[in-house]
Each structure stands twice: as structure tokens, then as C-alpha cells.
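A structural walkthrough
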Amino acid sequence: MKRLWLLQVSVAGVLMLAIAACTIAPGISPSPTHEDGVRTQTMENDLHLTTRHTVRDVVNLPAFAGFGKFILPLDRGRYDEAMPLERVASLLPYHSHVTAEAVVHTINDMVDKAASGELGFYDFYTDRQKQLDATKASTGLFFFRGKPGAPFAVICPGGGFSYVASIHEGFPHALALSQKGYNAFVLQYRVGGERIATQDLAAALSFIFENAAALAVSTKDYSLWGSSAGARMVARIGSYGAGVYGGADLPRPGTVVMAYTGHTDFTEQDPPTFVVVGGRDGIASPATMERRVNALRRAGVNVEFHVYRGVGHGFGLGNGTAAEGWLDDAARFWEDHSSSPSTPAAS
């Protein structure tokens, strides 16, 4: 077993090196910036940002050392490092209801989580795998710690497989679920196509199962959450399992949560599925989603379906819209379809 080292800075600015009580299993992949495979920063006096700060400021935040480039959707490679965060919505062209204030609030919450040791970033591909395929260097797994031993959720943001919108429909969801006591992961996957992205999800799931004890998560009745392109990924694993996409032969998820996607494929073995879409979605047609929902129900799959009036595509948590509160409903659906239905108390 390897020991995880955490760098901690006190408010007085006095540096001290603390050995964390946790250990990392030998199977955890090595990280370019930390030999134990996890990059965790606990700097208590890290800067909180405002909408006047820039993309460069986010990437270079000490709290996000080693993974700052994955906080904002910079995958397309076309962005201005000097762009102020008040214009952050321009980085998410397929999404709606993106506000600079909400983005900054999420970033600052993540800074605080890093300071308390409740946020980590894991490499689920090994150095060797990255050497053989350089595109795998653009992957990773954010971990928002909930109650030790609680079930986990993996969240796959959308972005049309051209960017990963974690800041809008990944990190906010994980923060909310971890506050409920659940362990929540957000997947940074390769852009370019559904299959390679789903392969990354299968690899990430295999990593979590292999290291569940070290991560202090329960693999029982885990859930997969996806939005838009990410919903296609979680639906694929729900229908066919991780093994079909290069992962280990794992149990299928206990629940799948899908937001605004045109995905139509399914099997009679699909897990219970929670589905949401905006009534004014011009990308993922509510009618298309309803046809799939009805087909799932005819196949005997338990489905809950919501259409939110006046809401467009990519609404994230939907705060300030008719969709606000949908995540609480989805978490309740997950709990209702779990063999241990009681909500884990937040630690």
C-alpha cells in the first residue's frame, strides 16, 4: 500500500507537510504530478475568484494544481486565457442558463472542498496506457467525497463530444450529491466521439471498483448520471455493461439518470431510468425522449419522466427555471430503487 501525502498551508502562511490517514491501493494509476495516482491540494488560504478573474486564473489556481485545465470546457482548444469569467457562457455553446455568478460559486466551492480534503482528482489510465495513446492524457476522475461507505454516482457532462461541460452539469451535480452524503465522481473524458468517451467511462468504473476500499465507497446500487452527450454514454453502460466497452465485467448500475438526449437505443435489461428534458429543447426533442421512455416502459423498465415547460437544452441544475429541483427528484428515484433506500447522512 502506498501512502498519500497532502500539502497543507495554514492561514498564517506556515507550510507544513501532513501525512493523510488514507492509503491508496497498488492498483491506482500513477499521476504525472503525484506517484500515488491522486492529485489533491489542501491549501486553506487559496484565492476565491470573482467574475472579473480570467480563464488563466482558474487554470493556475493552486487548489487545482495538476488538473486546472479540466475545470472549464477548454477541450476545443480555441479560447482566450485572458477572457474574464463574466463571459464564461461563450465556452458552452450547446448549453443554456449558464451564469458567470453560478460558475464562480461552483469554482469557489471546489476550492473549499480541496482545502478540506474532500476533493481529489484521479488518473484512471496508467502512464503506460497514456504513452501508447496520448489522447488518454486528457482524461481523469474528479472525486467529491461523501459519507465513507456510501454508494457512488458517476456524472458524465455533455458538450456534443466537442467539449466537457463539467462546470455547468458535472461539478454542481456532484457538489449537491456529496452534500446528501453520496460519493460523487465527475468524468473528464476524451472528446471526438461517443465510443471513445464511453470507453473512458468503462475504464473509470473499472478503476472505482478496483479501488473501492481505498476510496471508501460502496459499489452496491451505484448510479450513472449523464446530460446530453453524457447521457448517451451512461445509457450505453446501462444497456450493455462496461465490459462491452473495454472495461471489467462489472454489475450494471442500479439507476441511470438521463438529461436531455436524443439517444433511442435500449434493452429489456436496462436499469431503472430517470429522464428529464426541457419543453423547448431544440437539440434533444422531448417527443423523441418520450418515445424511448414509452418503449422502456413497455419492456418492463421502471422509468420516471419529466418535461419542464419553457426550458431549453443544457439547463444543468435548472436553477431559476421550471426544472429547478430536478436533481432532488432524481436522487429520490435512485434511493427508491436501491436495496438500501435510506439516504446516507452527510458526513
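Because the structure is a prediction, the values reported are computed rather than measured.

1. Topic: the overall build of the chain
Along the chain, the regular secondary structure elements total ten helices and twelve strands. The burial tally for the chain puts 57% of its 347 residues in the buried class. Counted over contacts in the chain with a minimum sequence separation of 6, partners at least 24 positions apart contribute 70%. Taken as a whole, the chain presents about 13700 Å² of accessible surface, with 50% of it coming from carbon and sulfur.

2. Considering the side chain of T139
Checked against the element boundaries, T139 lands in the loop between α3 (127-132) and β6 (140-144). From its side chain, T139 meets the backbone oxygen of K136 in a polar contact 2.7 Å long. The residues contacting T139, other than those within four sequence positions of it, are F70, F121, D123, F124, Y125, Q188, Y189, R190 and D200.

3. Regarding unusual backbone geometry
Its identity is not glycine, yet H97 carries a phi of approximately 55 degrees, on the positive side. By the element assignment, H97 lies in the loop between α1 (55-59) and α2 (100-115). A positive phi angle, close to 60 degrees, is found at F161, a residue other than glycine. Inspection of the secondary structure puts F161 in the loop between β7 (151-156) and α4 (166-169). The exposure class of F161 is buried, given its relative accessible area of 13%.

4. Concerning helix α10 (residues 326-336)
Along α10, the residues classified as buried are W326, L327, A330, A331, F333, W334 and E335. Each element contacted by the buried residues of α10 is listed here: β7, α5 (171-179), β9 (218-227), β10 (255-259), β11 (273-278) and β12 (303-308).

5. Some words on the environment of V301
Relative to the helices and strands, V301 resides in the loop between α9 (286-298) and β12. Sequence-wise, V301 and D270 are 31 residues apart; in three dimensions their C-alpha atoms are separated by 6.5 Å. Other than its neighbours up to four places away in sequence, V301 contacts T267, E268, D270, P271, P272, T273 and L296.

6. A few points about the side chain of R292
Residue placement: R292 occurs in helix α9. Owing to a relative accessible area of 7%, R292 belongs among the buried residues under this scheme. Looking at R292, its side chain comes within polar contact range of the main-chain oxygen of D265, at 2.9 Å. Residues within four places of R292 in sequence aside, it is in contact with A235, M258, H263, T264, D265, F266 and D270.

7. Things to note about the packing of aromatic side chains
All chains considered together, the criterion is met by 23 aromatic pairs. Taken together, a centroid distance of 5.6 Å and an interplanar angle of 25 degrees make the contact between F70 and F121 stacked. One end of the pair, F70, is in the loop between α1 and α2; the other, F121, is in strand β5 (residues 119-122), with 51 residues separating them in the sequence. Here Y122 and F143 contribute two aromatic rings whose centre-to-centre distance is 6.3 Å and whose plane-to-plane angle is 55 degrees, an arrangement assigned as tilted. Of the two residues, Y122 sits in strand β5 while F143 sits in strand β6, which places them 21 residues apart along the sequence. Residues Y122 and F143 agree in their burial class; the two are buried. Put simply, the rings of F64, F67, F70, F121, F142, F144 and F171 pair up and form one aromatic cluster. Between K136 and the ring centre of Y125, over which it is positioned, the NZ or CZ distance is 4.6 Å.

8. Examining the confidence of the model for the chain
Should the pLDDT be low somewhere, the predicted coordinates at that spot are not to be read in detail. Counting all residues, the mean pLDDT for the chain is 87, and 85% of those residues have values of 70 or more. A low-confidence stretch, residues 1-46 (pLDDT under 50), is modelled with 115 contacts involving residues beyond four sequence positions or located in other chains.

9. Describing the packing of helix α6 (residues 194-210) against helix α8 (residues 229-240)
As a packed pair, α6 and α8 sit with axes 9 Å apart at the nearest point and diverge in direction by 60 degrees. When the axis of α6 is compared with that of α8, the two are oblique. Of the two elements, α6 crosses α8, and the hand of that crossing is right-handed. Residues E194, A197, T198, L201, A202 and L205 of α6 form the contact with α8, whose participating residues are R232, M233, V234, R236 and I237. For the contact of α6 with α8, the class distribution of residues is seven nonpolar, one polar and three charged.

10. Some points on the pattern of salt bridges
Evaluated as defined, the whole model comprises eleven salt bridges. Between D328 and K180 there is a salt bridge, and its shortest N-O distance comes to 2.9 Å. Of the two residues, D328 sits in helix α10 while K180 sits in the loop between α5 and β8 (183-188), which places them 148 residues apart along the sequence. A relative accessible area of 42% means that D328 is categorised as partly exposed. Since its relative accessible area comes to 23%, K180 is described here as partly exposed. Across the salt bridge formed by R332 and E304, the nearest N and O atoms sit 2.9 Å from each other. Of this pair, R332 sits in helix α10 while E304 is found in strand β12, placing the two residues 28 residues apart along the sequence. A relative accessible area of 31% places R332 in the partly exposed class. We classify E304 as buried; its relative accessible area is 17%.

What counts as what
Residues numbered from 1 in each chain as written. Predicted model: local features only at pLDDT ≥ 70, side-chain atom pairs only at ≥ 80, totals over all residues. Heavy atoms only, no water. Helix = DSSP H or I, 4+ residues; strand = E, 2+ residues; numbered from the N terminus. Buried < 20%, exposed > 50% of the residue type's maximum accessible area, 1.4 Å probe, protein only. Contact = heavy atoms within 4.5 Å. Areas by Shrake-Rupley, 256 points an atom, 1.4 Å probe, with all protein chains shown as cover. Polar contact = N/O pair within 3.5 Å; in protein donor to acceptor, adjacent residues only side chain to side chain. Phe/Tyr/Trp six-rings, centres within 6.5 Å; stacked < 30°, edge-to-face > 60°. Lys NZ or Arg CZ within 6 Å of the ring centre and 35° of its normal. pLDDT = per-residue confidence, 0-100. Axes fitted to C-alpha atoms, helices over the stretch in contact; angles between N-to-C directions. Parallel < 35°, antiparallel > 145°, perpendicular 65-115°, else oblique. Left-handed = near helix turned anticlockwise from the far one by under 90°. Nonpolar A, V, L, I, M, F, W, Y, C, P; charged D, E, K, R; others polar. Salt bridge = Lys/Arg side-chain N within 4 Å of Asp/Glu carboxyl O.

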